[in-house]
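A look at the structure
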Amino acid sequence: MGESYFEVEFAQTLEQIKELYRFNFFRKPSALVFIIEVCCIVFLFIFKMIFFGDGLFDAVILVVLLLLIPLYLLVYRLTVKHMVKRQHELCGEQDVQARFGFYNDSFVMNESTGAQFTIDYGSIKCCYQTKNLFLLYSKANMIYSFPKAAFTKGNPVYFIPFITSRGVKVK
């Protein structure tokens, strides 16, 4: 495997989990499209009810659509809560400790839970950045996230050119 180009070590905190899922639920392009579509449909139904009648069916559809946004927020909150609960089940009240090593053809992830994964760059479909995190999305819909501030080897400024040179799309 050779020597690593970058290494990252960190404890996965509640704040990191929230930032990851906030991005996934509210900033990722597919999530934004969903939210915008629901808002447009609600607007159209309100417009239709005001100018073209007040049918009971339209009112029921409008109520259902208006419930989608709070339901979406509830799913977000439950997902974060579930991830924290899973982490506590694996590690007690301690945060999961993780280490990533980035090599020429793949990266290795080790967790304090005993899990170890080797992931080829070819199985990563894209990389996103949030304010504090790098997010690597695999073709199997796994998300490998780590803080920008946790690099112990290499500089996070050079990580994006490195990952791009391995064929990973950066969005």
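Our subject is the structure that appears above.
Below: a short report on this structure. (Residues numbered from 1 in each chain as written. Predicted model: local features only at pLDDT ≥ 70, side-chain atom pairs only at ≥ 80, totals over all residues. Heavy atoms only, no water.)

A short note on the packing of aromatic side chains
- Counted according to the given criterion, the structure contains 29 aromatic pairs.
- Note on Y21 and F25: the rings are 6.5 Å apart at their centroids and 55 degrees apart in plane angle, and the pair reads as tilted. With a gap of four residues between them, Y21 and F25 both fall in helix α1 (residues 14–27), about one helical turn apart.
- By relative accessible area, which is 13% here, Y21 ends up buried.
- A centroid spacing of 4.9 Å and a plane angle of 70 degrees characterise the contact between F102 and F159, whose relative ring orientation is edge-to-face. Of the two residues, F102 is situated in strand β2 (residues 96–102) and F159 in helix α4 (residues 156–165); the sequence distance between them amounts to 57 residues.
- Residue placement shows K148 over the ring face of F134; its charged tip is 5.5 Å from the ring centre.
- Above the plane of the ring of Y5 lies R166, whose end atom (NZ or CZ) is 5.5 Å from the centre. (Phe/Tyr/Trp six-rings, centres within 6.5 Å; stacked < 30°, edge-to-face > 60°. Helix = DSSP H or I, 4+ residues; strand = E, 2+ residues; numbered from the N terminus. Buried < 20%, exposed > 50% of the residue type's maximum accessible area, 1.4 Å probe, protein only. Lys NZ or Arg CZ within 6 Å of the ring centre and 35° of its normal.)

A word on a nonpolar patch on the surface
- A surface patch of nonpolar side chains, about 800 Å² in accessible area, is lined by F43, L44, I46, F47, I50, F51 and F52.
- Relative accessible area serves as the criterion here: at 56%, F43 is assigned to the exposed category. (Patch = residues over 30% accessible without salt bridge, like charges linked within 9 Å, V, L, I, M, F, W, Y side chains within 5 Å. Areas by Shrake-Rupley, 256 points an atom, 1.4 Å probe, with all protein chains shown as cover. Salt bridge = Lys/Arg side-chain N within 4 Å of Asp/Glu carboxyl O.)

Observations regarding the nonpolar core
- The biggest cluster of nonpolar side chains holds 23 residues, and the ones touching the most others in it are F100, F102, F107, L136, F146 and F159.
- Of all the secondary-structure elements, those providing two or more residues to this core are β1 (6–12), β2, β3 (106–111), β5 (124–129), β6 (133–138), β7 (143–147) and α4.
- Broken down by element, the residue count for this core peaks at four residues, all from α4. (Core = buried A, V, L, I, M, F, W, Y, C linked by side-chain atoms within 4.5 Å.)

Some points on α4
- For α4, the set of buried residues is F159, I160, F162 and I163. Across the axial projection of α4, the buried residues extend over an arc of 170 degrees, all falling on one side. Among the exposed residues of α4, those pointing more than 90 degrees away from its buried face are V157, Y158 and S165.
- Two or three places before V157, at the opening of α4, N155 has a side-chain oxygen 2.8 Å from that residue's backbone nitrogen.
- At the exit of α4 stands G167, carrying a positive phi of roughly 90 degrees. (Arc of directions from axis to C-beta. Polar contact = N/O pair within 3.5 Å; in protein donor to acceptor, adjacent residues only side chain to side chain.)

What to know about the pairing of β6
- The buried count for β6 comes to six of six residues, which makes it a mostly enclosed element.
- Residue alternation in β6 divides its side chains into two sets, L133, L135 and Y137 and F134, L136 and S138, and both sets are buried.
- In this structure, β5 lies alongside β6, joined through five bridges in antiparallel fashion. Bridging from a neighbouring strand, I124 pairs with S138 of β6.
- In terms of strand pairing, β6 meets β7 through five bridges, oriented antiparallel. Each bridged residue has a counterpart across the sheet, and for L135 the counterpart in β7 is S145.
- Adjacent in sequence and paired antiparallel, β6 and β7 are bridged by four residues, among which N141 carries a positive phi angle near 65 degrees. (Pairing = 2+ DSSP bridges.)

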